[in-house]
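Structure at a glance
Chain by chain, the residues:
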Amino acid sequence: MTLSLPQNDLSQSYREILIGLGENPDREGLQDTPMRAAKAMQYLCHGYEQSVEQIVNGALFSSDTDEMIIVADIELYSLCEHHMLPFIGKAHVAYIPTGKVLGLSKIARLVDMFARRLQIQENLTRQIAEAVQHVTDAAGVAVVIEAKHMCMMMRGVEKQNSTMNTSVMLGAFRESSNTRQEFLQLIGRSK
């Protein structure tokens, strides 16, 4: 799925939004705002132009390790699909390899690819887990995301200190409470 509006169409849409808000898009401070906003939105949603195959790009390597691999505290920035306001947080991704390991940066890039789409956190968590599972054929995959949502902080109930936590456990992480507990303990989510 790719964004279908050319930048000029997006720019015109932002101009109309400014008018709808009662602003004058021709005043000095706003003259270039529609184009800047269009460029920013295209950047913030560039995950639509990427695929798992492009991200992984063959960076799957043979390995005898069958112990848990965790990449923790991966920053993420996404836009809520309901209000198009940011949610910001971090992802913790773990997997148990079965003969192949994924290049370290690829996990962070997979998080970014899915985060750079209009999202809800619940789906983002599952998309990351399923992509890692698909690519690595791991014995298990676990993803935990903790994020602050501007749609809840800046508007609506305006709760400044709320954090949303989501998790998806696949394979061994779902089947074994010990494996799940080890992961949660290692990322500091369990006492």
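Residues numbered from 1 in each chain as written. Predicted model: local features only at pLDDT ≥ 70, side-chain atom pairs only at ≥ 80, totals over all residues. Heavy atoms only, no water.

1. Focus on the UniProt feature "binding site: Zn(2+)" (unreviewed entry) in the protein chain
Where we set the bar: UniProt positions are given in the numbering used here, feature names are shortened, and annotations may be inferred rather than shown by experiment. Secondary structure counts use DSSP, requiring at least four H or I residues in a row for a helix and at least two E residues in a row for a strand, with both numbered from the N terminus. A simple rule labels every residue: compare its accessible area, found with a 1.4 Å probe on the protein chains alone, to the largest value its type can have, and call it buried under 20%, exposed over 50%, or partly exposed in between.
Mapped onto this numbering, the UniProt entry gives "binding site: Zn(2+)" (unreviewed entry) at Cys80, His83 and Cys151. In three dimensions, the annotated residues from a span of 72 residues occupy one location, with a maximal C-alpha spread of 7.5 Å. Along the chain, Cys80 turns up in strand β2 (residues 69–80). When its relative accessible area of 6% is taken as the criterion, Cys80 is described as buried.

2. Notes on the sheet that holds strand β3 (residues 86–96)
Inclusion rule: Strands qualify as paired when DSSP identifies two bridges or more between them.
Here five strands make up an open sheet; going across it, the order is β5-β2-β3-β6-β7 and the pairing mixed. Each of the sheet's edge strands pairs with one partner strand only, and the pair in question is β5 (118–119) and β7 (164–171). Bridge analysis of β3 against strand β6 (residues 140–149) gives 10 bridges, and the strand direction is antiparallel. Paired with Gly89 across the strands is Ala147, a residue of β6.

3. Examining the UniProt feature "domain: GTP cyclohydrolase I" (unreviewed entry) in the protein chain
When the UniProt feature table is mapped onto this chain numbering, "domain: GTP cyclohydrolase I" (unreviewed entry) sits at residues 12–187. Structurally, residues 12–187 comprises 41% helix and 28% strand, and the distance from its first C-alpha atom to its last is 45 Å.

4. What about unusual backbone geometry?
Phi is positive for Asn57, close to 45 degrees, though the residue is something other than glycine. Along the chain, the position of Asn57 falls in the loop between α3 (52–56) and β1 (60–62). Owing to a relative accessible area of 59%, Asn57 belongs among the exposed residues under this scheme. In this structure, Glu158 is a non-glycine residue whose phi angle is positive, near 50 degrees. Residue position: Glu158 is located in the loop between α6 (150–153) and β7. What makes Glu158 partly exposed here is its relative accessible area of 48%.

5. Let's talk about the side chain of Thr179
In plain terms, the rule: Residue contacts are defined here by distance: any two heavy atoms, one from each residue, within 4.5 Å place the two residues in contact.
Its place among the elements puts Thr179 in helix α8 (residues 177–186). With relative accessibility at 16%, the residue Thr179 sits in the buried group. The contacts of Thr179, once residues within four sequence positions are left out, are Met68, Ile96, Ala172 and Phe173.

6. Section: helix α5 (residues 121–136)
Inclusion rule: To estimate the expected span of a helix, count its residues, drop one, and scale the result by 1.5 Å. As used here, the arc is the angular range of directions from the helix axis to the C-beta atoms.
Counted at 1.5 Å a residue, the expected span for α5 with its 16 residues is 22 Å, and the 23 Å between its end C-alpha atoms agrees. Taken together, the buried positions of α5 are Gln121, Leu124, Thr125, Ile128, Ala129, Ala131, Val132, Val135 and Thr136. Down the axis of α5, the buried set is contained in an arc of 160 degrees. They therefore lie on one face. Two residues or fewer past α5, Asp137 is found with a positive phi of approximately 55 degrees.

7. A short note on the side chain of Ser78
To keep things clear, this is the line we draw: Polar contacts here mean pairs of N or O atoms no more than 3.5 Å apart (in protein, one a potential hydrogen donor and the other a potential acceptor; neighbouring residues in sequence count only if both atoms are side-chain atoms).
With respect to the secondary-structure elements, Ser78 resides in strand β2. On the accessibility criterion, Ser78 (5% relative accessible area) is buried. In terms of polar contacts, Ser78 uses its side chain to reach the backbone carbonyl oxygen of Ala115, at 2.6 Å. Among residues more than four places away in sequence, those in contact with Ser78 are Leu85, Pro86, Phe87, Ala115, Arg117 and Gln119.

8. Focus: the pattern of salt bridges
Rules: Salt bridges are defined by distance alone: a side-chain nitrogen of Lys or Arg within 4 Å of a carboxyl oxygen of Asp or Glu.
Taken as a whole, this structure holds four salt bridges when the rule is applied. Across the pair Arg27 and Glu23 runs a salt bridge, and its minimum N-O distance is 3.0 Å. Residue classification places Glu23 among the partly exposed positions, given a relative accessible area of 32%. The salt bridge involving Glu130 is made with Arg126; its shortest N-O contact spans 3.3 Å. Note that Glu130 and Arg126 are positioned in helix α5 at a spacing of four residues, about one turn of the helix. Owing to a relative accessible area of 37%, Arg126 belongs among the partly exposed residues under this scheme.

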